[in-house]
Amino acid sequence: MVKSITANPQGQFSVEDYTVFTIMLGISTAIGVYFGFFQKKKNQTTEEYLLGGRKMKTFPIAISLIASQLSGVSIMSVPAEMYSYGAQYWIIAPTMILITLIINYIFVPVFYNNHITNCYQYLEDRFSPAVKKFVTFTYVLNIYLILPIFIFIPALAFSQVTGINIHLINGIVCGVCIFYTMLGGIKAVVWTDVVQGMIMFVSCFLVVVIGVAKIGGLSEVYERATAGDRLEIFDMTLDTTTRQTFWTASVGNLFLWTGYLGLSQSCVQRIVSVPSMRHARTALWIFCVGFIIIMTLNCFTGIVIFAKYFDCDPIKVGLVQKADKLLPFFVQDVVGNLKGMPGVFISCVFSAGLSTMSANLNSLAGLIYEDYIRPFKLFKHTDASANKTMKLLIFVSGVYCIAMGLIVEQFGHILQMVVTIASVTQGAVMGIFCLGMLWPWANKHGRALGVIVMSWIIAGAQIAISNKEITYPPKPTSVDGCYEYGFNVTANDFPTLVAPQEESEFSIYNISFVWYSTVGTFMVFLVGIPVSYFTGSQDMRNFRPKLISPLVQWLLPEEVRQNEFSLKAENDKLNTEPIKEWTFTANETEKYKERHGVIEQTL
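Each chain has its residues counted from 1, following the order in which its sequence is written. Two thresholds apply to this predicted model, a pLDDT of at least 70 for residue-level local features and 80 or more for giving and counting side-chain atom pairs, whereas whole-chain, interface and lining totals are computed over all residues. Processing note: side-chain calculations cover all non-hydrogen atoms of the structure and skip hydrogens and water entirely.

With an unreviewed UniProt entry as reference, the protein chain is termed Sodium/solute symporter, source organism Anopheles stephensi. Per UniProt, the comment on the protein chain under Sequence similarities (unreviewed entry) is "Belongs to the sodium:solute symporter (SSF) (TC 2.A.21) family." UniProt positions are given in the numbering used here, feature names are shortened, and annotations may be inferred rather than shown by experiment. Under the Subcellular location (unreviewed entry) heading, UniProt states for the protein chain: "Cell membrane".

As C-alpha cells, this is what we get:
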C-alpha cells in the first residue's frame with residue numbers, strides 16, 4: 001500500500017472527487033446568492049447584516065459555532081497530535097462541558113443584560129475607551145495573522161492530492177468565501193456553516209469507519225495503539241514543562257478555549273444573534289455536544305492512523321514530510337481507491353477552513369467599521385453606507401488572505417509562532433474580561449502590567465525554542481515492518497530524539513505553550529487586583545451592577561444592588577416598544593434609553 005503511493009505521489013483525484021468538491025463550493029455560493037439577492041428586502045439594516053435581526057435560530061447557530069471553531073488546521077493537526085504524542089489531548093472534549101458552563105453563567109448574562117453585540121464594548125463600559133481600543137487592536141492583529149493560514153492549509157492538502165497549483169486553488173476558494181460572506185452577511189455565514197459542518201461530520205465518520213475496517217476492527221486498533229503507548233489520557237504529572245499531561249490538556253485548554261469561544265467577537269456575535277439568553281444557552285449546549293462528538297472522531301482518527309502505520313512510520317521513510325500532512329496521506333492510502341471519498345475528505349478540510357474564515361471576515365468587518373471608520377465621520381453613516389463599507393472591508397480582507405498565501409508558504413514555522421502569540425494575548429484578554437466581570441473593585445489601571453509580563457515570558461520562550469533549549473520529542477514509532485513495502489531501513493537509521501535535560505532551576509520560559517493562556521489570565525488577576533487598590537478602587541457610587549456577572553453580584557454593597565433592582569423595575573414599565581435602530585454601539589444604546597426616560601450613570 002505504501003509502496004503504491006510512492007509510485008504515484010500526487011494520488012488519483014478522480015472526476016467524482018472534483019464533482020464532490022465543486023458541489024460543496026457551489027452550495028456555499030448559492031447560499032450567498034440567496035441571502036444577498038432573494039432576501040434583499042430583509043437584509044437592509046446593519047443589525048440584520050451583522051446579527052440577523054437577532055432572530056437567528058438556535059440549532060443553526062450551534063452548528064455554525066462548531067464548524068467555525070474546528071478550522072482546517074484543527075482537522076489536520078489534531079490527528080497528527082494523536083499520532084505523535086498520544087491521546088492525552090482528547091481530554092479537551094469532556095472539558096468543553098465545564099467551558100460551556102463558564103460561558104453560559106458568567107459571560108452570556110453580562111452580554112445580554114448590557115445589550116452587548118460588540119463584546120469589546122463591554123471593556124469600554126466597565127473600564128475605559130483605552131482598554132477597549134487596546135484589546136480590539138490585539139484581536140484584529142491576531143485574526144489578520146492567523147486568517148491566511150486557516151484557508152492556506154486546506155489549499156495545501158488539495159494541492160498534495162491533485163497537483164494543482166496551491167495559489168490557484170487558494171485564490172478560487174477564498175473568492176467563493178468572500179462572495180457569500182460579502183453578499184449574505186451573518187445569515188449566509190451561518191447557513192453555509194451548517195452545510196459545511198455536516199460535511200465535516202460525515203467525512204470524519206467515514207474516514208474512521210473505513211480505516212478501522214481496513215486495519216481489522218476496533219480490537220486490532222486498540223492492541224496496536226496500546227502497544228505503541230498512544231492511549232494514555234491520565235498522565236497526572238505535575239511538571240508544567242511537559243508538553244501534554246492531564247492537567248495541561250484540561251486546565252490549560254480550559255482557559256484557552258474559554259477565551260477563544262466566549263470572548264472573541266466572531267463567536268459572541270453569533271451567540272447574541274438569537275432572540276434571548278435562553279436560546280443562547282441552548283445553542284451553546286448543542287455546540288458542546290457537537291464539539292465533543294467531532295473532537296472525539298478527530299482524535300480517534302489519529303489513533304487509527306497510528307494503528308495503520310504501526311510498524312512502518314511514513315515520516316521516517318520519507319513518504320510524509322511532517323506529522324501535519326499524515327491525514328491526507330492516510331486518506332489517499334486507505335480510501336483513495338473509492339471514487340469520491342478523497343473529494344469528501346478535501347471538502348471536509350475546506351469546509352472547516354471556509355467556516356472559520358467567513359465567520360472572522362464578517363465579525364472583522366463590523367468591528368473595524370465601528371471602531372476605526374465610523375468615529376472619523378468621513379461620510380454620513382446610514383445603514384446602507386455601513387453595509388457597503390463592511391462589504392468592501394470583507395473584500396479587501398479576503399484579497400489580503402489570498403496575497404498572504406505567498407508569505408505563508410515560505411515560513412514553515414509561522415503557524416506555531418502565530419498560535420503561540422495568539423494564545424498569550426488571549427490569556428491576557430480573558431484575564432481583563434474576568435477581572436471586570438468577577439471583581440467589582442477592579443479599575444482600568446490593573447491590566448497593562450499583566451500583558452507586559454506575558455510579552456516578556458513569550459519572548460524568552462521563543463528565544464529558548466530557537467536555541468533548541470525547548471523541544472518536544474514525539475513518542476517512538478517503528479520501521480520494523482517497512483521491508484514489506486520495499487524500504488530497506490532499520491531502527492538504527494533513526495536516532496532517538498530526547499528532550500534536553502535541564503539541570504538548572506525551574507524557568508518560566510520552559511512551561512508548555514498550552515499553559516500560556518492560563519498564566520496570562522492569572523497574571524492579570526495577580527497584578528490587576530493590587531494595582532486597582534493602590535490606584536483607587538472602583539467607586540461603587542457610580543457603578544452599574546449589571547456589568548458584573550450575576551454569580552458574584554452578592555459582593556456588591558447592598559445599596560448598589562437595591563438601586564439595580566429598582567432601576568430594572570422602572571425599565572420594565574417603560575421599555576414597551578422594540579428597538580428600531582442599530583444598537584451596535586454604546587452611544588446608540590444611550591439614545592434608546594434616553595428616548596424612554598431611562599438614565600443610567602456610566603463610569
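What to know about the overall build of the protein chain
Secondary structure summary: the protein chain contains 21 helices and zero strands in total. To sort residues, take the accessible area from a 1.4 Å probe on protein chains only and compare it with the maximum for the residue type: under 20% means buried, over 50% means exposed, and anything in between is partly exposed. Looking at the 603 residues of the protein chain, the share that counts as buried comes to 57%. By sequence separation, contacts in the protein chain at least 24 residues apart represent 85% of the contacts at least 6 residues apart. A 1.4 Å probe and the Shrake-Rupley method give the accessible areas. Residues count as covered only by the protein chains that appear here. Entry remark: accessible area of the protein chain is about 25,500 Å², with carbon and sulfur atoms responsible for 65%. In this text, helices come from DSSP runs of H or I with a minimum length of four residues, and strands from runs of E with a minimum of two, each type numbered from the N-terminal end. Contacts: residue pairs with any heavy atoms within 4.5 Å of one another.

Describing the environment of Phe 255
Checked against the element boundaries, Phe 255 lands in helix H11 (residues 246-262). Considered as a pair, Phe 255 and Gly 427 are 172 residues apart in the sequence and their alpha carbons are 7.1 Å apart. Excluding residues that lie within four positions of it along the chain, Phe 255 makes contacts with Met 430, Ser 517, Thr 518, Thr 521 and Phe 522.

Some details on a nonpolar patch on the surface
To count toward a patch, a residue needs a relative accessible area above 30% and no salt bridge. Like charges then connect within 9 Å, nonpolar side chains (Val, Leu, Ile, Met, Phe, Trp, Tyr) within 5 Å. Within this document, salt bridges are pairs made up of a side-chain nitrogen of Lys or Arg and a carboxyl oxygen of Asp or Glu, the two lying within 4 Å of each other. Nonpolar side chains collect at one region of the surface, where Ile 97, Leu 98, Leu 101, Tyr 105, Trp 285 and Leu 551 lie side by side and expose about 520 Å² of accessible area between them. Mapped onto the elements, Trp 285 comes out in helix H13 (residues 277-308).

Details of helix H6 (residues 92-113)
Along an α-helix, residues three or four positions apart point the same way, because every turn accommodates 3.6 residues. A helix is expected to span 1.5 Å multiplied by its residue count minus one. With 22 residues, H6 should cover 32 Å at 1.5 Å per step; its first-to-last C-alpha distance of 30 Å lies within 8% of that length. The sharpest bend along H6 comes to roughly 35 degrees, located at Phe 107, with the proline Pro 109 sitting one to four residues further on. The quantity called bend is, for any residue, the angle between two axes fitted respectively to the seven residues ending at it and the seven beginning at it.

What about the environment of Gln 269?
Secondary-structure assignment places Gln 269 in helix H12 (residues 265-271). The exposure class assigned to Gln 269 is buried, which follows from its relative accessible area of 2%. Counting along the chain gives 153 residues from Gln 269 to Ile 116, while the straight-line C-alpha distance between them is 9.1 Å.

Comments concerning the environment of Val 524
Mapping Val 524 onto the fold places it in helix H19 (residues 516-534). For Val 524, a relative accessible area of 0% translates into the label buried.

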